[in-house]
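Residues per chain, in single letters:
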Amino acid sequence: MLTLYGVPGWGSAISEVMLTMAEMPYHFVNVNGFDNPGPQHDVLAQINPLCQVPTLRLDDGSVMTESAAIALMILDHRPELAPPIGSAQRTLFQRLLVWLVANVYPTFTYADYPERFAPGAPEQLQNSCIAYRKTLYQWLDGQLVGPYAMGDNVTLMDAYIVVMRTWGPRAAWFAENCPRLSAIADHIEKREALHHVLSENDIITAQNAN
């Protein structure tokens, strides 16, 4: 069985949702606290020296990291979770998958740990990253039409949206400034097959999942 190392609600939640969409069983190992010295850091470092989540141990013992790479691996098993090859939506899917991890993810790296990268002005770096992130989400909102990220069919892109809406600047901001992204996340939250994993990652409450 696959083993996913992560923290509920963190970036590993995207991989959890994707694996659940694909009906690929996995064992979850909570390494909360991995980003500071301690036993959880040591556990993760033995598997992934970069100490990042998600880290996925495959059935053969090899290790896969980076959510986009995990998405591509999942598509090898469940190709229907992306638009058809040769379609315009497939091209957009590929572009946005890489765009998210190349552009939006770094704003969290720097804003969450500004003292590591700008010890002389951590608050300024944090504020700048958050402001820039908002412009990125607004651009993304303009690329989508709904009801899901790639149109009428659910794809792995929707896993990113439903999780990232819970991160800063939070759901209320998305509802006001990125209505398409907010509506897509709402649709995904209603999918009964995802209720357990979304609840486990505090994306929806257990009460709302029932």
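Owing to the predicted nature of the structure, the values given are computational and were not obtained by experimental measurement.

S.K.: Tell me what's going on with the overall build of the chain, and back it up with residues and numbers.
M.R.: The helix and strand tally for the chain stands at 11 helices and four strands. The C-alpha radius of gyration of the chain comes to 17 Å, within 12% of the 17 Å expected for a compact globule of 210 residues. If you line up the chain on its principal axes, its C-alpha atoms span 45 × 45 × 40 Å. Looking at the 210 residues of the chain, the share that counts as buried comes to 48%. In the chain, of all internal contacts separated by at least 6 residues, the share reaching a separation of at least 24 is 62%. Summing over all exposed atoms, the chain offers an accessible surface of approximately 10,500 Å²; the carbon and sulfur share of this is 52%. The averaged location of the 21 negative side-chain charges in the chain is 6 Å from the averaged location of its 12 positive side-chain charges.

S.K.: Account for empty space enclosed by the protein, with residues named and values stated.
M.R.: By the definition in use, this model includes one cavity of 30 Å³ or more. A volume near 60 Å³ is recorded for the largest cavity. What lines the largest cavity is simply Leu100, Tyr137, Leu140, Tyr160, Ile161, Met164, Arg165, Phe174 and Leu181. The set of elements that each furnish at least two residues to the lining of the largest cavity consists of helix H6 (122-141) and helix H7 (157-164). Here the residues of the lining of the largest cavity sort into eight nonpolar, no polar and one charged.

S.K.: Please give an account of the UniProt feature "domain: GST N-terminal" (unreviewed entry) in the chain that cites residues and values.
M.R.: The positions that UniProt labels "domain: GST N-terminal" (unreviewed entry) are, in the present scheme, residues 1-82. Span residues 1-82 is 37% helix and 20% strand, its end C-alpha atoms 23 Å apart.

S.K.: For the nonpolar core, give the residues involved together with the corresponding values.
M.R.: Counting residues in hydrophobic clusters, the biggest one holds 58 residues, and the most contacted among them are Met18, Met21, Ile74, Tyr137, Leu156 and Met164. Of all hydrophobic cores here, the second largest spans eight residues; its members include Tyr5, Val31, Leu44 and Cys51.

S.K.: Tell me what's going on with the layout of surface pockets, and back it up with residues and numbers.
M.R.: In this structure, the largest pocket spans a volume of roughly 970 Å³. In terms of lining residues, the largest pocket is bounded by 33 residues, among which Trp10, Val53, Phe108, Thr109 and Asp112 are the most central. Elements with a contribution of two residues or more to the lining of the largest pocket: helix H3 (67-77), helix H4 (88-112), helix H5 (114-117) and H6. Here the lining of the largest pocket gets seven residues from one element, more than from any other, and that element is H4.

S.K.: Go over the sheet that holds strand S1 (residues 2-6), please, and point to the residues and values.
M.R.: Read across the open sheet, the four strands follow the order S2-S1-S3-S4; overall the sheet is mixed. One side of each edge strand has no neighbouring strand; the edge strands of this open sheet are strand S2 (26-30) and strand S4 (63-65). The mean angle between the axes of side-by-side strands here comes to 25°, regardless of whether they run parallel or antiparallel. Summarising the sheet, S1 and strand S3 (residues 55-57) pair through three bridges and their orientation is antiparallel. Paired with Leu4 across the bridge in S3 is Leu56. Each of S3 and S4 is contacted by H3, which is oriented at about 120° to S4, the strand it contacts most.

Conventions used here
Residues numbered from 1 in each chain as written. Predicted model: local features only at pLDDT ≥ 70, side-chain atom pairs only at ≥ 80, totals over all residues. Heavy atoms only, no water. Helix = DSSP H or I, 4+ residues; strand = E, 2+ residues; numbered from the N terminus. Rg over C-alpha atoms; globule rule 2.2 N^0.38 Å. Buried < 20%, exposed > 50% of the residue type's maximum accessible area, 1.4 Å probe, protein only. Contact = heavy atoms within 4.5 Å. Areas by Shrake-Rupley, 256 points an atom, 1.4 Å probe, with all protein chains shown as cover. Lys, Arg positive; Asp, Glu negative; His and termini not counted. Charge placed at Lys NZ, Arg CZ, Asp CG, Glu CD. 1 Å grid on protein atoms, 1.4 Å probe; cavity = no way out; pocket = protein on both sides within 12 Å on 5 of 7 lines; lining within 4 Å. Points joined across faces, edges and corners; volume = space filled by probe spheres on them. Nonpolar A, V, L, I, M, F, W, Y, C, P; charged D, E, K, R; others polar. UniProt positions renumbered as here; feature names shortened; annotations may be inferred. Core = buried A, V, L, I, M, F, W, Y, C linked by side-chain atoms within 4.5 Å. Pairing = 2+ DSSP bridges. Axes fitted to C-alpha atoms, helices over the stretch in contact; angles between N-to-C directions.

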